[in-house]
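Chain residues, written in single-letter form:
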Amino acid sequence: LHAPFTNPAAVSTFPLPLPNDDEAETRRAEVDPQLKAAGWDEANILREHPITAGQIQVNGRNARRQRPRRADYLLRVGVNFPIAVVEAKRRHKRAADGIQQAKFYAQQLQLKFAYASNGAEILEVDLETGEERFIDRYPSPNELLFRLTRYEGWSAHTLSELLKPLRPFPEKPLRYYQEIAIHRATRALLEGRDRLLLTLAT
């Protein structure tokens with residue numbers, strides 16, 4: 001199903017450049033079709049997903065917001081259950097060039113799976129096991145969900161409840177840390193805990 005682990009530094013061949021060799025072209029011509037072939041529907045793919053609005057940098061009396069952090073792809077199971085991030089690189093770069101950024105976003109979103117691709121290579125990092133390997137295709141939503149459920153030890157009931165869609169106010173979309181807090185609180189309740197401490201900003 002998957003190719004054996006290969007050290008990214010040991011890969012010596014570069015893919016041929018596309019006519020328009022940029023990350024947007026890699027996403028359109030390579031990553032999008034590969035994700036769809038693996039069973040990811042449009043409803044489960046968020047492109048250029050904003051994670052943070054950008055840090056505010058203060059200089060004297062002036063303040064400016066730095067560039068926001070955006071994941072090239074956020075993959076979800078169902079409507080509101082993120083499970084993996086994918087970072088795309090230009091064809092003349094290695095997939096490994098994007099893996100640290102993918103891992104950073106996955107860690108920030110508290111996800112277990114991160115991927116980087118230049119269209120020809122797909123590099124996977126499993127943040128639960130620490131394993132890093134090249135694979136020949138993206139896992140399907142069910143494959144990732146099976147692996148995550150095994151890691152977390154969820155029952156079928158817990159999983160079904162976690163996959164239920166959240167219903168925030170349309171004019172106030174949830175930020176990533178709010179989604180994390182909701183999922184963690186929901187999971188704790190489903191596991192039978194009857195005392196929770198939630199710290200909320202006013």
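Scroll up for the structure.
First things first, this report covers the structure right here in the doc. None of these values were measured; they are calculated from a predicted model.

Conventions adopted
- Residues numbered from 1 in each chain as written.
- Predicted model: local features only at pLDDT ≥ 70, side-chain atom pairs only at ≥ 80, totals over all residues.
- Heavy atoms only, no water.
- Salt bridge = Lys/Arg side-chain N within 4 Å of Asp/Glu carboxyl O.
- Helix = DSSP H or I, 4+ residues; strand = E, 2+ residues; numbered from the N terminus.
- Buried < 20%, exposed > 50% of the residue type's maximum accessible area, 1.4 Å probe, protein only.
- Lys, Arg positive; Asp, Glu negative; His and termini not counted.
- Contact = heavy atoms within 4.5 Å.
- Core = buried A, V, L, I, M, F, W, Y, C linked by side-chain atoms within 4.5 Å.

Let us now look at the pattern of salt bridges. For the structure on display, the rule yields 16 salt bridges. In this structure, R27 and E48 form a salt bridge, with 2.9 Å as the shortest nitrogen-oxygen distance. Within this pair, whereas R27 is found in helix α1 (residues 23-37), its partner E48 is found in strand β1 (residues 45-52), the two being separated by 21 residues in sequence. Classification of R27 by relative accessible area gives buried; the value is 12%. Notably, a salt bridge pairs R47 with D32, separated by 3.4 Å at the nearest N-O pair.

When you line up the elements, E179 lands in helix α5 (residues 176-190). Of the buried charged residues, E179 lacks a salt bridge, with R76 as the closest side chain of opposite charge at 6.0 Å. With residues up to four places along the chain from it excluded, the contact list for E179 reads N80, P82, L166 and L174.

Attention shifts here to the nonpolar core. Residues L35, W40, L75, I83, Y115 and Y138 are the most contacted members of the largest nonpolar core, which totals 24 residues. Only α1, β4 (69-77), β5 (81-88), β6 (113-117), α3 (141-152) and α4 (156-162) provide two or more residues apiece to this core. Those residues in contact with L35, other than ones at most four positions away along the chain, are W40, I45, Y73, L75 and Y138. Counting 18 residues, the second largest nonpolar core, distinct from the first, contains A71, L74, A95 and L111.

With that settled, the discussion passes to unusual backbone geometry. Despite not being glycine, E48 has its phi angle at roughly 45°, a positive value. What makes E48 partly exposed here is its relative accessible area of 41%. Phi angles above zero are rare outside glycine, and Q110 is one such case at about 60°. Summarising the element assignment, Q110 is placed in the loop between α2 (99-108) and β6. By relative accessible area, Q110 is classed as partly exposed at 47%.

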